[in-house]
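Summary of the model geometry
Read off the chains here:
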Amino acid sequence: MNGQRAVTVAATVFVYVVTTLFLLEILSSLVYHDRNEYGTRRKRIVKQWDMQSKPRKKADIPYLNTNQPFKYDSEKSYILDSLLQKLLKTHDRPGDDYYGFNLTRSDEILVTRDVIDERSDECKNRNFNYASLPTLSVVTPFHNEALTPLLRHVHAILSRTPPQLLMEIILVDDNSTFSYLGEDLQEYFRILDSRIRILRNKERKGLILSRLQGEEEARGEVVVFLDAHMEVCEGWAEPLLERIKNRPAIVVQAYITPIDVNTLALKTDDNVKYRGGFGWDMRYMWFPQPLYVNQFLENDWEPFPTPVLQGSCIAVRKSYFNAVGRFDPGLKIWGGEQFDLSFNVWMTGGKIETVPCSKVGHIFKDNKYSFGSEDKIYTITKNRLRVAEIWMDEFKHIVRSAVMGTHFPGRSEADFRSHFPFFTEAELKSMQDRKALRKKHNSKSFAWFLKTLMPEHKIPSREDVNSGEIRNVRTKHSFFIFEDGYIGTKGNEGGEAILVPDNTFALDKYGRLKYEDRCVGYGEWNLLVIKECPSKVGEKGFMPWTYDNNQLITFHQSMYLCATQAKSRIPIHTGQTVVQLQMCDEQNDDQRWMFMFTYG
């Protein structure tokens, strides 16, 4: 009896021990930070996905009518999420102000988020012969980039690009100093997909040289240059590659849609209303899509010619990019490379297009990153002057004068003029080398570029002191001309980066406020109106203007009066906003105006 009881007790203990060990094993597998299990699973997953993620040969690509998006299972998601939590919790980062957008909100959003596809049905329903499309390499430089937008950038490329077309993603780390962009990030991308490569610069080279470095390493037939705070949308790649496929000399870009800096919302239903161009101070500017372009387009989603690339999403066949001369390696850090490539391509017989069916989101933020030994203003200004010197022929003096007259916030005019960029002998020689390349390619003149691609762009006179749109400081509304010649103001829905050529005025050194070959005078009720210019300065009817402290001032009826934005309560344009001469008042913001360009 005692022996039977002993056997029963022993069996119970054995069952208890086995059950306990089994439960402990289950519990340990559920522990989030069990390093041994995590390490074992990570090694197994790395080996598995290293084998599965290798690019396929072009000969193995089948004909497909639909995308086959990149996917990974729950086990891989577990590992990646563990690494993401480690990156977010164990690495310090600056505050949101440093990055120029709401990074806290970005960190709350999935790095694998879905984006509603709001493209037109014409774009969504297109079929592509994937076997005939060229493969692509994405090149994305980054320097102290925010973590979650960078991860979202990579995840979007992987999930929204057909895998048989995506050869690789090349990330060029331009000497970042934040720890979260180091080994832990490298591990994350290694597990995510073996097609992701990180090149590490040992010293700061800047966006332009980093792009060139990535392009040298690229193996795809087409290289797409992207910014690290961009998020590609569904169906972004195929329309770009289709356009490049049968055109040997073309550069294309996606239609860039903004990602809200506060909410990180990304909308893809924007209608294309503008195309890229340049201001005379070499700022990138948007121009309303002209009628002579629209009348040749069959629909709103058809690719259209674009004078100047926006710069953040550029797709080009690798062989053509090298044949045309690549980006100018003499441009430093950031700024001007899209102008250089655009002028180069157009003037050497190529073509640049925007492809509306390709949508890519972009966080438009202030750039606070280091520009090396010189400050941001100096570096960007020098790049712009270099582009003008190489490509803009007799128009380069306008650029130099406009840059000299540019007002930079927080920097006095005297300080800027005393520190105006100059070129070393080596830099002058490198510019001559680029000019020799231009001559070798038998490039057309910049006058041809303006006449052919931007005939609406107003060319300032050497006598002009200010030109461009005249915007009210308070309302941001600009001068425009009613059909009867009177001057009113209206808003510009595109913001300050839009230049409307029809609203371009100029103030010359003689004091004439001009619109094309006519002058601004006054009519009934002292309203400003367009009139014939006097044949000579000082004759009867001549109305001299001065521009001082943001006020447009004229001497009229023995007193100084200022151009004032006002709501009309008279029989002329009743209820509309007009410009009227009123007594000058420095406290009246309706009398404060800004010209788009000032010439030094």
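Not measured: the values here are computed from a predicted model.

1. Concerning the overall build of the protein
A tally of regular secondary structure across the protein gives 18 helices and 23 strands. Within the protein, buried positions represent 53% of all 600 residues. When contacts within the protein are restricted to residue pairs at least 6 apart in sequence, those whose partners lie at least 24 apart make up 78%.

2. Overview of the state of the cysteines
Tallied over the entire structure, the rule returns three disulfides. The disulfide that involves Cys-123 links it to Cys-357, with 2.0 Å between the sulfurs. One quick way to see it: the torsion about the S-S bond of Cys-123 and Cys-357 is about -80°, and its sign makes the bridge left-handed. A residue pair is termed long-range when its members are at least 10 positions apart, and Cys-123 in helix α6 (residues 121-124) and Cys-357 in strand β11 (residues 351-362) qualify at 234 residues. Neither residue differs from the other here; Cys-123 and Cys-357 are each classed as buried. Disulfide pairing places Cys-562 opposite Cys-584 at an S-S distance of 2.1 Å. In this structure the cystine formed by Cys-562 and Cys-584 twists about its S-S bond by roughly 100°; its chirality is therefore right-handed.

3. Focus on the side chain of Glu-168
Mapped onto the elements, Glu-168 comes out in strand β2 (residues 166-173). Using a relative accessible area of 0% as the deciding quantity, one classes Glu-168 as buried. At 2.7 Å, the side chain of Glu-168 forms a polar contact with the side chain of Ser-137. Among the polar contacts made by the side chain of Glu-168, one reaches the side chain of Arg-197 at a distance of 2.9 Å.

4. Topic: the pairing of β2
Among the eight residues of β2, eight are classified as buried, and the element is accordingly described as predominantly covered. Relative to β2, strand β1 (residues 136-142) is paired through seven bridges, and the arrangement is parallel. Across the sheet, residue Thr-140 finds its bridge partner in β2, namely Leu-171. Handedness of the β1-helix α7 (residues 147-160)-β2 crossover: right-handed. Note: β2 against strand β3 (residues 196-200), five bridges, orientation parallel. Looking at β3, one finds that Leu-171 is bridged to Ile-198.

5. A short note on helix α14 (residues 376-391)
Its 16 residues place the ends of α14 23 Å apart at the C-alpha level, agreeing with the 22 Å of an ideal helix rising 1.5 Å per residue. Burial within α14 is extensive, with 13 of its 16 residues counted as buried. The N-cap of α14, judged by a side-chain oxygen 3.4 Å from the amide nitrogen of Ile-377 a few residues on, is Asp-375. Among the residues trailing α14, Asp-393 stands out with phi positive, at a value near 50°.

6. Some points on the packing of aromatic side chains
For the coordinates displayed, the defined rule picks out 26 aromatic pairs. Relative to Phe-321, the ring of Phe-225 lies with its centre 5.4 Å away and its plane at 50°, an arrangement referred to as tilted. Here Phe-225 is found in strand β4 (residues 222-226), whereas its partner Phe-321 is found in helix α12 (residues 318-324), with 96 residues between them in sequence. Each of the two residues, Phe-225 as well as Phe-321, counts as buried. One Lys or Arg, Lys-531, reaches over the ring of Tyr-522 and ends 5.4 Å from the middle of that ring.

7. Let's talk about unusual backbone geometry
One non-glycine residue, Asn-144, lies in positive phi territory at about 50°. Position of Asn-144 among the secondary structure elements: in the loop between β1 and α7. Looking at Asn-144, the relative accessible area reads 5%, which means it is buried. Phi is positive for Asn-526, close to 60°, though the residue is something other than glycine.

8. What to know about the confidence of the model for the protein
Where the model shows low pLDDT, its predicted coordinates should not be examined in detail. Of the residues in the protein, 84% have a pLDDT of 70 or more, and the chain-wide mean is 87. Long-range and interchain partners of residues 21-69, a stretch whose pLDDT sits below 50, account for 63 contacts in this model, where long-range means more than four residues apart.

9. As for helix α13 (residues 337-347)
The element α13 is extensively covered by neighbouring structure, given that 11 of its 11 residues are classed as buried. Listing the buried residues of α13 in full gives Glu-337, Gln-338, Phe-339, Asp-340, Leu-341, Ser-342, Phe-343, Asn-344, Val-345, Trp-346 and Met-347. Residue Gly-349 follows α13 closely and has a positive phi angle near 95°.

10. Considerations on the side chain of Gln-289
Considering the arrangement of structural elements, one finds Gln-289 in the loop between β8 (284-288) and α11 (291-294). For Gln-289, a relative accessible area of 14% corresponds to the buried category. When neighbours within four sequence positions are excluded, Gln-289 is seen to be in contact with Lys-273, Tyr-274, Arg-275, Asn-294 and Phe-304.

11. Let's talk about the pairing of β11
Within a regular strand, side chains alternate between the sheet's two faces. Among the 12 residues in β11, 11 count as buried, and that is most of the element. With three bridges joining them, strand β5 (residues 230-232) and β11 adopt antiparallel strand pairing. In the strand pairing of β11, Glu-231 is matched with Gly-361. Here strand β6 (residues 250-258) pairs with β11 via nine bridges, running parallel. Counterpart to Val-251 in the pairing with β11 is Ile-352.

12. Thoughts on the packing of helix α3 (residues 74-90) against α7
The geometry of α3 relative to α7 is characterised by a closest axis approach of 11 Å and an angle of 155° between their N-to-C directions. In terms of orientation, α3 lies roughly antiparallel with respect to α7. Both α3 and α7 take part in a crossing whose hand is right-handed. Contacts between α3 and α7 involve Leu-84, Leu-87 and Leu-88 on the former and, on the latter, Leu-147, Thr-148 and Leu-151. Taken together, the residues that form the contact of α3 with α7 break down as five nonpolar, one polar and no charged.

Reading the values: rules and limits
Residues numbered from 1 in each chain as written. Predicted model: local features only at pLDDT ≥ 70, side-chain atom pairs only at ≥ 80, totals over all residues. Heavy atoms only, no water. Helix = DSSP H or I, 4+ residues; strand = E, 2+ residues; numbered from the N terminus. Buried < 20%, exposed > 50% of the residue type's maximum accessible area, 1.4 Å probe, protein only. Contact = heavy atoms within 4.5 Å. Disulfide = S-S within 2.5 Å. Polar contact = N/O pair within 3.5 Å; in protein donor to acceptor, adjacent residues only side chain to side chain. Pairing = 2+ DSSP bridges. Right-handed = clockwise from strand over helix to strand, strands pointing away. Expected span 1.5 Å × (residues − 1). Phe/Tyr/Trp six-rings, centres within 6.5 Å; stacked < 30°, edge-to-face > 60°. Lys NZ or Arg CZ within 6 Å of the ring centre and 35° of its normal. pLDDT = per-residue confidence, 0-100. Axes fitted to C-alpha atoms, helices over the stretch in contact; angles between N-to-C directions. Parallel < 35°, antiparallel > 145°, perpendicular 65-115°, else oblique. Left-handed = near helix turned anticlockwise from the far one by under 90°. Nonpolar A, V, L, I, M, F, W, Y, C, P; charged D, E, K, R; others polar.

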